[in-house]
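Per-entry structural report
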Amino acid sequence: MVDLQSQYQHIKADIDRGIQEVIDSAAFVKGPKVAQFQEHLEAYTGAKHVIPVGNGTDALQIALMALGLKPGDEVITPTFTFIATAEVVALLGLTPVVVDVNWETMNMSVEAVRRAITPRTKAIVPVHLFGQCAPMEELMALAKEHGLYIVEDACQAIGARYTFLDGTTRQAGTMGEIGCTSFFPSKNLGCYGDGGALFTNDDQLAAEMRAIANHGMVVRYHHDRVGVNSRLDAIQAAVLDAKLPHLDQYIAARQRAAAYYDRAFAGNEHLLVPGREKASTHVFHQYTLRLEGVDRDRVREALQQAGIPAMIYYPVPLHMQKAYQDPRYREGDFPVAEQLAGCVLSLPMHTELDDEQLAYITSNVLKAVEE
Ligand SMILES: *Cc1c(COP(=O)(O)O)cnc(C)c1O
């Protein structure tokens, strides 16, 4: 699905130098490399504050802790997403309220969010699924109308750009009160282990989140609130700082591969290419097809025979996960998410795909759906 070895070979000298500097300095936790990467990421995203943390899941948890939500407060998330989004809501004793998604874009449905708002709703967590921003203009208007926070799950969408009706453009993760991202190796900006970051333009929230990520501590050994321990390693910061200058080029390589897939599959009765959010660019963390009138397992099997990996993101929506069984929800409640779970198939997507590989993949996909 990804080719991290080839990507490393292109920038090996920079990565190796950065890692060596960390080892020579012996500043493995915090220190200048993390500060340097933080500054560079602030400049890249336009976020006033970037707070590096241990991973994307921690980022989501710290965000919700910083907003001071209390047990029983409702947080709205899409049911078609990676589990982390709802996991932290449940861990904090908040009440996850799940909503359906849009069939074309696979992102959170604004109408579904509107219907899910109650007097107990405190926050909306839109997920910019597969690399394109959820409809932020509409979601932000809704949040404003009802006095809700927005915490963006931008773990799959770093570098995606959203253009508002007034012409302003903002990056994924920098539009809501708080944005969260992940540097897991296979993410669009991935390190060589775990990593994540929080984004905010609010000084007070930034201070709060820095303290929470550091055991709730501002003055050393004085703990004003309960926190966690969540840090980005300096070695990971060195890897990320070497990769960040290439991120736009990496995004362009993914978009080029996606355009190739789009062209190859256009008009095929069995293959629906990913629908696009009109106001967002798509950075293609995943290229996810919806299959129609074919047996997905058989297609996947045929691709596997040809040496082509294809993955199902995500086979089970949140409301049908065993750990998240809830008397409020049952099978059939979120028909779009359930239909997507049954028909999506993600193809190899990374920065190193060349025309020969793309031709091989697309011809095999077309063959597999005709059989
Ligand atoms: C990867 C991911 C996360 C979690 O990130 P980790 O760094 O693996 O903890 C959360 N939400 C979404 C949508 C993701 O894709």
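This structure is a prediction, so every number in the text was calculated from the model and none was measured. (Residues numbered from 1 in each chain as written. Predicted model: local features only at pLDDT ≥ 70, side-chain atom pairs only at ≥ 80, totals over all residues. Heavy atoms only, no water.)

Structural notes on the pattern of salt bridges
Short version of the rule: The rule for a salt bridge is simple: a side-chain nitrogen of Lys or Arg has to be within 4 Å of a carboxyl oxygen of Asp or Glu. Comment: elements are numbered from the N terminus, with helices defined as DSSP H or I runs of at least four residues and strands as E runs of at least two. Exposed residues in this analysis have more than 50% of their type's maximum accessible area, buried residues have under 20%, and partly exposed residues fall in between, with area computed by a 1.4 Å probe over protein chains only.
This model, assessed by the stated rule, comprises 14 salt bridges. Here Lys33 and Glu21 are joined by a salt bridge, their closest N and O atoms 2.8 Å apart. Taken together, the residues span a long stretch of sequence, with Lys33 in helix α3 (residues 32–45) and Glu21 in helix α2 (residues 12–25) at a distance of 12 residues. For Lys33, a relative accessible area of 13% puts it in the buried group. With a shortest N-O distance of 3.5 Å, Arg290 and Glu104 are connected by a salt bridge. Taken together, the residues Arg290 in strand β11 (residues 287–291) and Glu104 in the loop between β3 (95–99) and α6 (110–116) connect sequence positions 186 residues apart. By relative accessible area, which is 1% here, Arg290 ends up buried. A relative accessible area of 39% means that Glu104 is categorised as partly exposed.

Topic: helix α9 (residues 234–243)
Our working rule: The contact criterion used throughout is that any non-hydrogen atoms of two residues lie within 4.5 Å.
With 9 of its 10 residues buried, α9 lies for the most part within the structure. Residues of α9 that are buried include every one of Ala234, Gln236, Ala237, Ala238, Val239, Leu240, Asp241, Ala242 and Lys243, and no others. On its buried side, α9 packs onto α1 (4–10), α2, α3 and α10 (247–265).

Points about the sheet that holds β3
The criterion, for reference: One requirement defines pairing of two strands: DSSP has to find at least two bridges between them. An axis is simply a line fitted to the C-alpha atoms; with a helix, the fit covers only the stretch in contact. Between two such axes, the angle follows the N-to-C directions and lies from 0 to 180 degrees.
Here we have 7 strands laid out as an open sheet, ordered β1-β9-β8-β5-β4-β2-β3, and mixed in their pairing. The sheet terminates laterally at β1 (49–53) and β3, the two strands that pair on one side only. The average undirected angle you get between the axes of adjacent strands in this sheet is 25°. Note that β1 and strand β9 (residues 196–200) share 5 bridges and pair antiparallel. Bridged to His49 within β9 is Thr200. Against the sheet, α3 contacts β1 and β9, and its axis sits at roughly 135° relative to β1.

Concerning the domain arrangement of the protein chain
Put simply, the rule reads: Domain limits in this description derive from either an automatic procedure or a database domain assignment. Put simply, buried area is how much 1.4 Å-probe accessible surface two parts lose in total, over both of them, once they are put together.
Domain assignment breaks the protein chain into domain 1 (4–245) and domain 2 (247–370). One C-alpha centre belongs to domain 1, the other to domain 2; they are set 24 Å apart. Contacts between the two partners involve 51 residues from domain 1 and, on the opposite side, 42 residues from domain 2. Interface area, domain 1 with domain 2, both sides summed: about 3,900 Å², of which 58% is carbon and sulfur. When the buried area of domain 1 at its contact with domain 2 is split by residue, Trp103, Phe130 and Asn188 rank highest and sum to 21% of it. At the boundary of domain 1 and domain 2, one finds 3 salt bridges. Residue Arg161 is joined to Asp248 by a salt bridge in which the shortest nitrogen-to-oxygen separation is 4.0 Å.

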